[in-house]
Amino acid sequence: MQLSLFSVENQSKELYRRNLSSFNLKQALRELELWQRTVDAPQDIPQKMEAVQFLAEELNRQKSNEMLFLAHLRQNYKNIKELQALKEDFRFLQKGLNKALAERLSERHYDFILENLHPAEVFFQEEEYKRAIEAVENYVSHFGEHVFLRQIEGAAYFKLGENTKGRMFYTMALFNDPRLCRIPYFVNRLIKNKLQFLQNKFDEWNLLAFQLTFALWEDGQLHIDEKNEEFESFIKKKVEEKAGEILDVQEAFLQFLHLLYLAEAERLRISSRNPSAYLLELQEEMQNVHFDWFLRYENALKKFYPI
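Below or above, wherever it landed, is the structure these notes cover. Small disclaimer: the values here were computed from a predicted structure and weren't measured. (Residues numbered from 1 in each chain as written. Predicted model: local features only at pLDDT ≥ 70, side-chain atom pairs only at ≥ 80, totals over all residues. Heavy atoms only, no water.)

Comments concerning the side chain of Arg74
By secondary structure assignment, the location of Arg74 is in helix 4 (residues 66-76). Lacking a salt bridge, the buried Arg74 has Glu121 as its closest oppositely charged neighbour, with an N-O distance of 4.5 Å. Engagement of the side chain of Arg74 in a polar contact is seen with the side chain of Asn98, the distance being 2.6 Å. Filtering out sequence-adjacent residues up to four positions away, Arg74 remains in contact with Gln94, Leu97, Asn98, Leu101, Leu117, Glu121, Val122 and Gln125. (Helix = DSSP H or I, 4+ residues; strand = E, 2+ residues; numbered from the N terminus. Buried < 20%, exposed > 50% of the residue type's maximum accessible area, 1.4 Å probe, protein only. Lys, Arg positive; Asp, Glu negative; His and termini not counted. Salt bridge = Lys/Arg side-chain N within 4 Å of Asp/Glu carboxyl O. Polar contact = N/O pair within 3.5 Å; in protein donor to acceptor, adjacent residues only side chain to side chain. Contact = heavy atoms within 4.5 Å.)

Examining the nonpolar core
Core analysis: the largest hydrophobic core is formed by 95 residues, its most contacted members being Leu83, Leu86, Leu93, Trp217, Leu260 and Tyr297. Top contributing element to this core by residue count: helix 13 (residues 249-269), with 10 residues. What Leu83 contacts, discounting residues up to four positions off in sequence, is Ala51, Phe54, Leu55, Leu73, Tyr77, Phe90 and Leu93. (Core = buried A, V, L, I, M, F, W, Y, C linked by side-chain atoms within 4.5 Å.)

Focus: the environment of Val122
Along the chain, the position of Val122 falls in helix 6 (residues 119-125). Separated by 19 residues in the primary sequence, Val122 and Glu103 have C-alpha atoms spaced 9.9 Å apart. Leave out the neighbours within four places in its chain, and Val122 touches Arg74, Asn98, Leu101, Ala102, Leu105 and Leu117.

Regarding the packing of aromatic side chains
The tally for this structure, following the rule as stated, stands at 22 aromatic pairs. With a centroid separation of 5.5 Å and an interplanar angle of 10°, the aromatic rings of Tyr157 and Phe169 are classed as stacked. Highlighted residues: Tyr157 in helix 8 (residues 147-159) and Phe169 in helix 9 (residues 163-176), separated in sequence by 12 residues. Each member of the pair, Tyr157 as well as Phe169, carries the same accessibility label: buried. On the numbers, 5.9 Å between centres and 20° between planes, the contact of Phe214 with Trp217 is stacked. Of the two residues, Phe214 and Trp217 are both situated in helix 11 (residues 205-218); the distance of 3 residues between them amounts to about one turn of the helix. Accessibility expressed as a relative area gives 0% for Phe214, which makes it buried. Using a relative accessible area of 9% as the deciding quantity, one classes Trp217 as buried. (Phe/Tyr/Trp six-rings, centres within 6.5 Å; stacked < 30°, edge-to-face > 60°.)

Observations concerning the packing of helix 13 against helix 15 (residues 291-301)
In contact at an axis separation of 12 Å, helix 13 and helix 15 are set at 25° when each is read in the N-to-C sense. On the basis of the axis angle, helix 13 is roughly parallel to helix 15. Helix 15 is crossed by helix 13, and the crossing has right-handed handedness. Note on element contacts: helix 15 touches helix 13 through Trp293, Phe294, Tyr297 and Leu301, opposite Phe253, Phe256, Leu257, Leu260, Ala263, Glu264 and Arg267. (Axes fitted to C-alpha atoms, helices over the stretch in contact; angles between N-to-C directions. Parallel < 35°, antiparallel > 145°, perpendicular 65-115°, else oblique. Left-handed = near helix turned anticlockwise from the far one by under 90°.)

So, the packing of helix 4 against helix 5 (residues 90-104)
Following both chains from N to C, one finds helix 4 and helix 5 inclined at 155°, their axes separated by 9 Å at the closest point. When the interaxial angle is binned, helix 4 and helix 5 end up roughly antiparallel. By crossing handedness, the relation of helix 4 to helix 5 is classed as left-handed. Only Gln94, Leu97, Asn98, Ala100, Leu101 and Arg104 of helix 5 make contact with helix 4, whose side of the interface consists of Glu66, Met67, Leu70, Ala71, Leu73 and Arg74.

Shown next, in the form of C-alpha cells:
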C-alpha cells in the first residue's frame, strides 16, 4: 500500500540525503525504501538503492583497508560506474565520505593518504580547523614545507578569525610557489576580490598566481614574518639554487618573488631608514631578474622610505 502524503515523500527524501551526508548507509537504504512507497516516487529509486548497497558491501569487503578505500572513494566517486545512479546526490555523498574519513583519522596520520589528499584537507572540509592546523604542522615538522598545506593552514586560521596568522601562512604558501595553491582555499574576502579582479586580466593560472602574489604584497594583504628564520633560510636556499642560471618567464617570476621575500624580511629588521648592504644586494638581483617588476617594487616601497 502506497503512502499518499506529499510530506512523507519529502521527509523520506530529506532523511535519505541527511543519512547519506553522515554516511549512515543502512539508514539511507531504509529511507529509500520508504520513499519508494510514496505516491509519484522517482523511477530511479531502485538504482539508487543498488548504488547505496554497493557502497555498503564494498566498505565491508575493504574493512581491513577501510581508510584507504574511503580516501579513494572520496577522490573518485564521480567516475565509479556503480555510483552513477547517485549523480544528483553526489554533493551529499561527498560530505558523507569526507565525514567517514575524518572520523577514522588520528594524530598519527600526518602524511598524505593519497598523492592528492592530505588529512588537513579532510579536516578543513569538516570545519575542524584546529585539527587541520595540527595536521599541517605535524607534516611540516616531519617532511618540510608544502605549499598547498600552508595554504590550508592559512585558510583554517582565517576561518578561526585569526587573520594575522591566516595572512602569514598564505604568505608562506604564495612566496614558496603560488602556482601550487588552489583557488577554493583562498577564503579571505579581500584576497578573493583581488583574485577575481585579476582573473579578468589573466586566463592562465600560473601567470595569474604570480601576479596575485605580487599584487597582494603591494596592497599590504600579506604578512612577512622577519623573525621566521627557518622559512627565510628555506627561501634563501631556493634563490641560491637558481643564481646565475638563465631563467624562463615563470622561473624569473618565481625567483623575483623569492628575492622580494628576502628583501622584505631584511627591510623589516632594519631599525634605521637606510638600507643595509644586504638589502641593496638583493634589490640589485631583483632588478636583474625582472626589471619591470622591480619598478613596481620601487614604487610600492616609497610608502615606507625612499630608496
